[in-house]
Amino acid sequence: MRKYIFVSGGVCSSLGKGVAASSLGALLEGRGLSVCMVKCDPYLNVDAGTMSPYQHGEVFVTDDGAETDLDLGNYERFTHSPLSKANSITTGQIYESVIRKEREGRYLGRCVQVIPHITDEIKERILAAASPETDVTIVEIGGTVGDIESIPFLEAARQLITESGRGNALSVHLTLIPEVAGGELKTKPTQHSVKSMQEQGIQPDILVCRAPVMLEEDTRRKISLFTNVDPDAVFVSYDVNTTVYEIPLIFYKQKLDQVVLKKLGVESRHADLRPWKIMMEKFAARHGSVRVGIVGKYMDLHDSYKSVYEALFHAGLETGTIVELCKIDSSRLEESEKPEEILGNIDGILIPGGFGQRGTKGMLIAAAWAREHKIAYLGICLGMQIMVIEWARNVLGWNDADSTEFNHETTHPVISLLEDQVNIKDYGGTMRLGQSESCAKTGTHIFTAYKKSNIHERHRHRYEFSNQYRDAMAESGLNIAALTPAGDLVEAAEWPDHPWAVGVQFHPEFKSKPTEAAPLFRDFIAAVRSQSGGAG
Ligand code: GLN
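Reading the values: rules and limits
Residues numbered from 1 in each chain as written. Predicted model: local features only at pLDDT ≥ 70, side-chain atom pairs only at ≥ 80, totals over all residues. Heavy atoms only, no water. Helix = DSSP H or I, 4+ residues; strand = E, 2+ residues; numbered from the N terminus. Rg over C-alpha atoms; globule rule 2.2 N^0.38 Å. Buried < 20%, exposed > 50% of the residue type's maximum accessible area, 1.4 Å probe, protein only. Contact = heavy atoms within 4.5 Å. Areas by Shrake-Rupley, 256 points an atom, 1.4 Å probe, with all protein chains shown as cover. Lys, Arg positive; Asp, Glu negative; His and termini not counted. Charge placed at Lys NZ, Arg CZ, Asp CG, Glu CD. Near = heavy atom within 4 Å. Polar contact = N/O pair within 3.5 Å; in protein donor to acceptor, adjacent residues only side chain to side chain. Axes fitted to C-alpha atoms, helices over the stretch in contact; angles between N-to-C directions. Left-handed = near helix turned anticlockwise from the far one by under 90°. Nonpolar A, V, L, I, M, F, W, Y, C, P; charged D, E, K, R; others polar. Pairing = 2+ DSSP bridges.

Draft legend 1. Focus on the overall build of the protein. Helix and strand counts for the protein stand at 19 helices and 23 strands. Relative to the globule expectation of 24 Å for 536 residues, the C-alpha radius of gyration of the protein, 25 Å, shows essentially globular dimensions. Expressed as lengths along the three principal axes of its C-alpha atoms, the size of the protein is roughly 70 × 60 × 45 Å. The proportion of buried residues among the 536 residues of the protein is 57%. Pairs at least 24 apart in sequence give 73% of the contacts found in the protein among residues at least 6 apart. In the structure as shown, the protein presents an accessible area of about 22,200 Å², 50% of it carried by carbon and sulfur atoms. The average position of the 56 basic charges and that of the 71 acidic charges among the side chains of the protein differ by 5 Å.

The following block contains the structure:
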């Protein structure tokens, strides 16, 4: 019988529920179980695609083109759970589907209600996410217990826990143990949080307490006494100064996986956590640092470019490099008279994806700087488009060259909409989305990185390199480094006479893992490192 684990959170948001759920997934995989990860997001958006990266962090894209919450990125980085549209459930999707069914008359005249219709829809989707191979489905419920929005998801979890029968479904609840003045650790918010769960009809089986330090046995016993959770089922996710990827090992030391297996009635089996241990060895062995300037417009929130930052870290692990992230708001470059004051001590430049005209002037300054000073450059999606616009303006002399996303009136629309995108009115889910194939030309940096021509990466964009300008660009020396298999779209460009500069229309960051860095990020960091002399 398939097992379920529901991961909820209390006290406040941003406790690292996604990382905790993913780490548990990694541990269960280490025990040879097949894991399916599901995220329930209580917001009314149908998907995360229309949300600003300022509001909710990056939009993560799956192979099948789902635009999801960034926690799915954690799931992919920590586990092998196959992820698709089915693994990301939002209140928006649930209501959209229930209302459609109501309009079709499928409820046979009954009054359509939150319980049972909304909760049934949630349950059906959770059950449908797993494949025949799945042993354990880990369902993370977004938000915090007590939020109005998450009530239907918690109610669906309660019903599934009851229906699954004892030992087949567990509730794992994440809470905060804050430290008050004087350094005292407080358990009261955790007690209240568990009470809120009990009010929803769910008795947590396992608690994971976020705390600044490991908790003493006494404190864990006190938490157990007040919450009805077994003392050996109170775990601590304490602050680490290494990397979040150490968390599976931290949980393993506390025997989280053993307790979960026991409570689920799964026979104990050998744990193989070698990939995580090797990764931590690589982490400790890094030497020499480089400074990578990420020039974007959503710089205040780390989560806005989450997968990019993670992929840079993975590349550092693989090349033995400490990658220092220098987050540069492109508007600072626009205002500055002297780019050298901002870019002068940067060893490599990365321009990530983005939307809208704001900030692109500063990105063009950064791209020109990288090209002229022969600084390693990685342009992702918008970053590739910027590379092409900069080339058109500064090398070909087409001063107003632009993307029609930023300037409709340009006489040189080097980046423009595809025919089939021109009349689209809806913003949600209508871009070129998901994984597709690109063919790299031999002799390019891309080909060297992937060691093959056929590349499979994920897309999320609307605008394209305009084929009208392909010949002129190529004749002037810009290397068209990859195309779609049919040759109809440009997928990558590289600067000539430059040590390492690659712009790609796809997003290599999404498939990067701590145990296997994305090839382009790895080679980018290797190039940055060799150019900077490798020392730091
Ligand atoms: N705004 C650009 C487009 O839609 C780039 C998108 C991106 O960087 N993800 O084509």
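What follows continues from the structure just given.
Draft legend 2. Structural detail: the environment of Ser 84. Tracing the backbone shows Ser 84 in the loop between helix H3 (71-78) and strand E5 (88-90). Sequence separation between Ser 84 and Glu 390 is 306 residues, and the spatial gap between their C-alpha atoms is 36 Å. Ignoring sequence-local partners within four residues, the contact set of Ser 84 consists of Thr 62, Asp 64 and Ala 66.

Draft legend 3. Local environment of the site of the ligand. The local shell around the ligand consists of Gly 353, Gly 354, Phe 355, Cys 381, Leu 382, Gln 385, Glu 405, Arg 460, His 461, Arg 462, Tyr 463 and His 507. Between Gly 354 and the ligand, the recorded distance is 2.9 Å, taken from a backbone N or O atom to an oxygen atom. Contact distances for the ligand include 3.1 Å between an oxygen atom and a side-chain N or O atom of Gln 385. A total of 300 Å² of accessible area belongs to the ligand in isolation, and the protein chains cover 99% of it. Of all the secondary-structure elements, those providing two or more residues to the shell around the ligand are helix H16 (382-394) and strand E19 (454-461).

Draft legend 4. Quick peek at the packing of helix H12 (residues 306-319) against helix H19 (residues 519-531). Between H12 and H19, the least distance of the axes is 8 Å, while the angle of their chain directions is 65°. Seen along the crossing, H12 lies across H19 with a hand that is right-handed. Contacts between H12 and H19 involve Val 308, Ala 311, Leu 312, Ala 315, Glu 318 and Thr 319 from the former and Phe 521, Arg 522, Phe 524, Ile 525, Ala 526 and Arg 529 from the latter. For the contact of H12 with H19, the class distribution of residues is eight nonpolar, one polar and three charged.

Draft legend 5. Structural detail: the sheet that holds strand E10 (residues 206-211). Strand order across the open sheet formed by seven strands is E5-E2-E6-E1-E7-E10-E11, with parallel pairing between neighbours. On the outer flanks of this sheet lie E5 and strand E11 (234-238), each paired with one strand and no other. On average, each strand axis in the sheet is tilted by 20° relative to the strand beside it, whichever way the strands run. Pairing analysis gives five bridges linking strand E7 (residues 169-176) to E10, with the strands arranged parallel. Among the inter-strand pairings, Thr 175 is bridged to a residue of E10, identified as Cys 209.

Draft legend 6. Just the sheet that holds strand E16 (residues 402-403), in detail. With mixed pairing, the three strands of this open sheet are ordered in space as E16-E17-E20. What marks the edges here is a single partner per strand, and that holds for E16 and strand E20 (463-465). With respect to the sheet, H16 is in contact with E16, strand E17 (413-417) and E20, its orientation differing from that of E17 by roughly 145°.

Draft legend 7. Representation of the pairing of strand E23 (residues 501-504). Taking every second residue as pointing to the same face, both faces of E23 are buried, with Ala 501 and Gly 503 on one and Val 502 and Val 504 on the other. As judged from the four bridges shared by strand E15 (residues 376-380) and E23, these two strands associate in the parallel manner. Looking at E23, one finds that Gly 379 is bridged to Gly 503. Pairing between strand E22 (residues 490-494) and E23: three bridges, direction antiparallel. If you follow Ala 492 over to E23, its bridge partner there is Val 504. Counted along the chain from E22 to the antiparallel partner E23, the turn is six residues long, and its residue Asp 497 has a positive phi close to 50°.

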